[in-house]
Structures are given as structure tokens and as C-alpha cells.
Amino acid sequence: MEYGVHSRTIFFLLFLLYATTAFNLTTLRFDEAYSPLFSDFNIQRLPDDRSVRLLLNRFSGSGIISSDYYNYGFFSASIKLPAENTAGIVVAFYTSNVDTFEKNHDELDIEFMGNVKGKPWRFQTNMYGNGSTSRGREERYRLWFDPSKDSHRYSILWTPKNTIFYVDEVPIREIVRKAAMAGDYPSKPMSLYATIWDASTWATNGGKKKVDYKYEPFVSEFTNLVLEGCIVDPIEQISSTNCTDRIASLLAKEYSTITPEGRKSMKWFREKYMYYSSCYDNIRYPVPPPECVVVPSEREMFQNSGRLREKMKFDGSHQRHRRGRRSRRQRKVEATGQVAAM
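What counts, and at which threshold
Residues numbered from 1 in each chain as written. Predicted model: local features only at pLDDT ≥ 70, side-chain atom pairs only at ≥ 80, totals over all residues. Heavy atoms only, no water. Helix = DSSP H or I, 4+ residues; strand = E, 2+ residues; numbered from the N terminus. Buried < 20%, exposed > 50% of the residue type's maximum accessible area, 1.4 Å probe, protein only. Contact = heavy atoms within 4.5 Å. Areas by Shrake-Rupley, 256 points an atom, 1.4 Å probe, with all protein chains shown as cover. Pairing = 2+ DSSP bridges. Axes fitted to C-alpha atoms, helices over the stretch in contact; angles between N-to-C directions. Arc of directions from axis to C-beta. Disulfide = S-S within 2.5 Å. Phe/Tyr/Trp six-rings, centres within 6.5 Å; stacked < 30°, edge-to-face > 60°. Lys NZ or Arg CZ within 6 Å of the ring centre and 35° of its normal. Polar contact = N/O pair within 3.5 Å; in protein donor to acceptor, adjacent residues only side chain to side chain. Salt bridge = Lys/Arg side-chain N within 4 Å of Asp/Glu carboxyl O.

Novice: So what exactly am I meant to see when it comes to the overall build of the chain here?
Specialist: A count of helices and strands for the chain gives six helices and 16 strands. With 342 residues in all, the chain has 54% of them scored as buried. Considering only contacts within the chain whose residues lie at least 6 apart along the sequence, 72% involve residues at least 24 apart. Total accessible area on the chain is roughly 15400 Å²; 50% of this is exposed by carbon and sulfur atoms.

Novice: Got a minute to help me understand the sheet that holds strand β14 (residues 218–232) in this structure?
Specialist: Across a sheet, strands are paired by hydrogen bonds formed along the backbone, either parallel or antiparallel in direction. Within the open sheet, the seven strands sit side by side as β2-β3-β14-β5-β10-β11-β12. Their pairing is antiparallel. The open sheet is flanked by β2 (43–45) and β12 (170–176), the only strands paired with a single partner. Averaged over neighbouring strand pairs, the angle between their axes works out to 20° when direction is ignored. For strand β10 (residues 152–158) and strand β11 (residues 162–167), the ladder comprises five bridges, and the chain directions are antiparallel. Note on β11: the bridge partner recorded for W158 is T163.

Novice: Just to check I follow, could you spell out helix α3 (residues 243–251) for this structure?
Specialist: Structurally, the α-helix is built with 3.6 residues per turn, so residues lying three or four positions apart point the same way. The complete set of buried residues in α3 reads C243, I247 and L250. Buried residues of α3, viewed axially, fall in a sector of 55°; they line one side. α3 presents T244 and D245 as exposed residues on the side facing more than 90 degrees away from its buried surface. Check the buried side of α3 and you find it contacts β5 (69–80), β10 and β14.

Novice: Which parts of the structure should I look at to understand the state of the cysteines?
Specialist: Note on terminology: disulfide describes a covalent bond linking the sulfur atoms of two cysteines. Per the stated rule, a full pass over the model turns up two disulfides. The disulfide that involves C279 links it to C292, with 2.0 Å between the sulfurs. Between C279 and C292, the S-S torsion sits near -85°, and that sign places the bridge as left-handed. Of this pair, C279 sits in strand β15 (residues 274–281) while C292 sits in the loop between β15 and α5 (296–299), and the two are 13 residues apart along the sequence. Comparing C279 with C292 shows no difference in burial state: the two are buried. With cysteine numbering restricted to those in disulfides and following the sequence, the chain has the pairing 1-2, 3-4.

Novice: So what exactly am I meant to see when it comes to the packing of aromatic side chains here?
Specialist: For the coordinates displayed, the defined rule picks out 21 aromatic pairs. Look at W144 and F145: their rings are 5.1 Å apart centre to centre, the planes differ by 90°, and that puts the pair in the edge-to-face class. Aromatic pair W144 and F269: ring centres 5.8 Å apart, planes at 80°, arrangement edge-to-face. Linking W144 in the loop between β9 (139–141) and β10 with F269 in helix α4 (residues 260–273), this pair joins segments that are 125 residues apart in sequence. In terms of burial, W144 and F269 fall into one category: buried. One Lys or Arg, K188, reaches over the ring of F101 and ends 5.3 Å from the middle of that ring.

Novice: Explain the sheet that holds strand β4 (residues 62–66) here, please?
Specialist: Across the sheet, which stays open at both edges, the nine strands sit in the order β1-β4-β13-β6-β7-β8-β9-β15-β16 with antiparallel pairing between neighbours. Looking at the sheet topology across the chains shown, the edges are occupied by β1 (34–38) and β16 (305–307). Ignoring which end each strand starts from, the neighbouring axes of this sheet average 20° apart. Running at roughly 100° to β15, α4 makes contact with β8 (122–128), β9 and β15 of the sheet.

Novice: Any chance you could explain the environment of S297 here in plain terms?
Specialist: The residue S297 is located in helix α5 in this model. Classification of S297 by relative accessible area gives partly exposed; the value is 22%. For the pair formed by S297 and K267, sequence separation is 30 residues and the distance between their alpha carbons is 9.1 Å. Other than its neighbours up to four places away in sequence, S297 contacts K267 and E271. Here E271 takes part through its side chain, which lies 2.5 Å from a polar atom of the side chain of S297.

Novice: How do you make sense of the pattern of salt bridges when you look at a structure like this?
Specialist: Two side chains carrying opposite charge are able to pair once their charged atoms lie near each other. For the structure on display, the rule yields 16 salt bridges. Of the charged contacts in the structure, one is a salt bridge between E32 and R29, with a shortest N-O distance of 4.0 Å. A relative accessible area of 41% means that E32 is categorised as partly exposed. A salt bridge links R173 to E139; the shortest N-O distance between them is 3.6 Å. With R173 in strand β12 and E139 in strand β9, the pair connects residues that are 34 residues apart, well separated along the chain. One exposure class covers both R173 and E139, and it is buried. Via salt bridges that share partners, R135, R137, D184 and E291 belong to a single interconnected network.

By themselves, these observations are geometric and do not establish any function.
Structure (C-alpha cells):
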């Protein structure tokens, strides 16, 4: 798999990366903030308790969840993805409250979608508010590096004013809250999830390529875990501390505002590596969602379908999907049955 680009492009990217100051983050041990979500037998905690490996094999995937719900926050981890043939595999790092608000949940997604052997990983970001799964805000991208070779930091900032997705310290997408979004902007307390699972029905070439278990186990590693925010009871929405002060502190962090250098990085990334955007999908959205900012240099890249005008050099499906969801109780029941089957 080749990730080479022109030397001038590399120089420009390195300049932009060095121009973006590294965030000052406090990392956590697993037992300080997380617990198994499903298939504990496929979760490997390293001895220092600061790294966790999530496995997918023919019996099950696996997942973890933050022990608490957060009323806005910054959620981050260094992630290393599986190598070899990863068709049909999805590794997800996301916030959600679907276990508490099943019919009107909120969600912010980073989803990594595997590919056939020799083709690069792809990933997407998305946002749901108040159960608006039919009005998802997908964007899909490639990366400028191989995410299976080394760990890279992926982050979600969620505030009352905006949401920013980061790769390392490079902002790749910002959603600024607009009044017209109403309940489509996530506003209820959410947990942080990390999962790996079999998405053979849709993830690669519209489900034509399935997970090949002769390459199992598929291992995704999560390190440098970060959870910043105000901890609350998801039902009563009563905080353990003063959320007004915690949110103000969150908004004062360096990652809550994109610097001019960061905006240059974001522009470079989006024009080079984004291959679908719902903001430019005029078939699905004849009127763009209210938070969309139409950038002329981006607009000219896409057809009315929101896809690139030129065919991409790797296989992949641009069709919408809805990730199958099960309650926390259902996942535990399934995991128990899978262990028994072993």
C-alpha cells in the first residue's frame, strides 16, 4: 500500500502540523474512567492499565464505554487500527446516549471503515441530535498516513457552541451550532464508546466484501485516553460539579477554538482527503442543513450527489447506512451466548 505524495505536499503538511501546537491533555487509566461494554473476553487490558486492545474474531467484536455521562466535553484517544485484509470491519470512537434515550438519542461519530487488502482505511464523521438518524451529517475521508502502522490521536470536542473533530492536532471538521438546527444538535448527556465489529452487510463495496476471518483476530489498540467534561446523571441531568464552571473551562481550552494555522490545516485536509460531504449532497438535501458553510473551493470538487467529480482510486461505497444498535443489556446477553458457543 502506497501512501507517498509529492515532496512539496509533504513539506507543506509538516509545516501545517508544526504550526499547530500540541494540546495539553491529561490521560487516564482504564479503571479510572471506562468499563467493558460487551464481549469482555475480547478486551485486553495492558499491565499499566493505560492501553486497551479491542479484538474482533469469528465469535464477536468488542467494546468499552465510559463509566459516566458527560454534559459536553473533549473525548480523545490514540488509536492503532488493524492491518492486513480489513474488509467489512468497522472501528468506532463515538459519543452517544442511545442506551438511555433509545428513541431520541444524540451521537457524534468517528467511524473507521476497513477495506480490501492493499487498499487504505477510510473513515467518516457524523452527527445525530434527538434521534435524527434520517438527517445524519456524514462526511467521509482518506488519511495522509497508514493508521495501522502507528497510533494517531483522534478527538471529538463537543460544546454548546460548536463541535470539532481532530486527527492528531489537525482540525478536520467544525460544526457551529445554529438556532435553525433545533434538536438536530446534540444536547443531552452522552457517554464515550469505542468498539470494533463486523459490518460485512454494508462497510465495503456496499456489503460485497465480507470480513475474512482467516486473518483473525483483528486488533485495534486504544491508548492515551482522555475524558474532559462535566459528569452528570443522564436522567436527572444533575451534575456532580458545577457544569457552568466546567463548560466555561472547556470553552477556554486551546482545542475549543481553531487558530488561523489550524484553519489552513483544515482547508488543506478537506480539499485533498474528503471524498463525500452531506453539505454538498443536493440530491439528499436540496436545501443544505442549516449549519453547512458552502466553501467554493470545496463545492467545485463535488457532484450534486456530494461525491467527488473524479473517481476515487480505492474501492468503497458512498451509500448511507444505519449502524445496527443494541441496548447495553442485549449486548451483554449476546456476549454471554457467544462465550458459551466457544
